[in-house]
Amino acid sequence: MKKLIYLAVLAALIFGALEQKGSFIPNSAMESLNGDNIELESAFSNRQSNIQVQGEGLVTRLLPDDLKGSRHQRFILQINDHQTLLIAHNIDLAPKIHDLKEGDTVAFYGEYEWNSKGGVLHWTHHDPRGRHSSGWLKHQGQTYQ
């Protein structure tokens, strides 16, 4: 009986740590995303880069802004149960999402670059020169471009 209690407490601690860290995503949330990211999942599987993709994901980690050169807000989205996506959002050309937090849903449209960790999405803003497709991020009903 003591072993069962010990295992239950251990499981609760692990669950709590994962949830607090942002790496636990409820199945219902992942199920709602799975149909929205088919193009992105295909690009990852086929190791494609330089393609425009649209989808959405759950924020699992907020990273420090990259302040070298063009400034970028950076965060990780969970796209499905086996793929993440690094968002590199240029905050010199588009507004920063100031109220972003782990667990939030973010929709996106931008240019995908493949890497073994799931990929990077950039060009989530307008192109001031008009040579590139304009991208965007959507968070809590507001569009950032």
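Worth saying up front: this structure is predicted, and the values here are computed from it rather than measured. (Residues numbered from 1 in each chain as written. Predicted model: local features only at pLDDT ≥ 70, side-chain atom pairs only at ≥ 80, totals over all residues. Heavy atoms only, no water.)

### Some thoughts on the pattern of salt bridges
Oppositely charged side chains are able to pair whenever their charged atoms sit close together. Scanning the model with the defined rule gives 3 salt bridges in all. A salt bridge links K96 to D65; the nearest nitrogen and oxygen atoms lie 2.5 Å apart. Highlighted residues: K96 in the loop between β3 (83–90) and β4 (105–113) and D65 in strand β1 (residues 51–66), separated in sequence by 31 residues. The class for K96 is partly exposed, based on a relative accessible area of 27%. For D65, a relative accessible area of 25% gives the class partly exposed. (Salt bridge = Lys/Arg side-chain N within 4 Å of Asp/Glu carboxyl O. Helix = DSSP H or I, 4+ residues; strand = E, 2+ residues; numbered from the N terminus. Buried < 20%, exposed > 50% of the residue type's maximum accessible area, 1.4 Å probe, protein only.)

### A few points about the nonpolar core
F75, L77, L85, F108, Y112 and L137 are the most contacted members of the largest nonpolar core, which totals 18 residues. Mapped onto this core, the elements with two or more residues apiece are α3 (38–45), β1, β2 (72–80), β3 and β4. Beyond its immediate sequence surroundings of up to four residues, L137 is in contact with F75, I87, H89, I97, V106, A107, F108, T124, Q142, T143 and Y144. (Core = buried A, V, L, I, M, F, W, Y, C linked by side-chain atoms within 4.5 Å. Contact = heavy atoms within 4.5 Å.)

### Notes on the side chain of N90
Its location among the elements puts N90 in strand β3. Overall, the relative accessible area of 7% leaves N90 in the buried class. Among the polar contacts listed, one links the side chain of N90 to the backbone nitrogen of D92, at a separation of 2.8 Å. With residues near it in sequence (within four places) discarded, N90 still touches S70, R71, H72, T124 and H125. (Polar contact = N/O pair within 3.5 Å; in protein donor to acceptor, adjacent residues only side chain to side chain.)

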